[in-house]
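Each chain is listed here by its residues.
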Amino acid sequence: YFLTVLDEQFGEIIRKVSPNSATALLVGSCLWDILDSQDSLQGKYFEDHAKACRDYINKIRTKFPRVTVIWKSPLAVHIHWVQLE
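Values in this document were obtained by computation on a predicted structure and should not be read as measured data. (Residues numbered from 1 in each chain as written. Predicted model: local features only at pLDDT ≥ 70, side-chain atom pairs only at ≥ 80, totals over all residues. Heavy atoms only, no water.)

**Quick word on the pairing of strand 1 (residues 24-28)**
And step 1. Burial along strand 1 is one-sided: the face carrying Leu25 and Val27 is buried and the face carrying Ala24, Leu26 and Gly28 is not.
And step 2. Here five bridges tie strand 1 to strand 2 (residues 68-72), and the two strands are oriented parallel to one another. Within the sheet, the bridge partner assigned to Gly28 lies in strand 2 and is Lys72. (Buried < 20%, exposed > 50% of the residue type's maximum accessible area, 1.4 Å probe, protein only. Helix = DSSP H or I, 4+ residues; strand = E, 2+ residues; numbered from the N terminus. Pairing = 2+ DSSP bridges.)

This is the structure in structure tokens:
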């Protein structure tokens, strides 16, 4: 969804970026994505989440090849009780 909105609102501008300019797109993920160990979509060890993140970055690179992708992880996390098994 994010890439669709980004492309609709800023895609034309981003594609016109000079290859010699220092332009980056800051994106990321957060722990909300992996808090449930019973989530069958991501797998027991969250390998599907990692694959989804890699796929997301590759889609950005394909859509906007002249932009550097910077992945930002969350800085602070408040404590949660997570039943791991």
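Continuing now.
**A few points about the packing of aromatic side chains**
And step 1. Going through the model one piece at a time under the given rule, you end up with one aromatic pair.
And step 2. Both rings, one in Tyr56 and one in Trp71, keep their centres 6.4 Å apart while their planes meet at 80°; by these two values the pair is edge-to-face. Of the two residues, Tyr56 is situated in helix 2 (residues 47-63) and Trp71 in strand 2; the sequence distance between them amounts to 15 residues.
And step 3. For Tyr56, a relative accessible area of 23% puts it in the partly exposed group. (Phe/Tyr/Trp six-rings, centres within 6.5 Å; stacked < 30°, edge-to-face > 60°.)

Worth remembering: the numbers are spatial, not functional.
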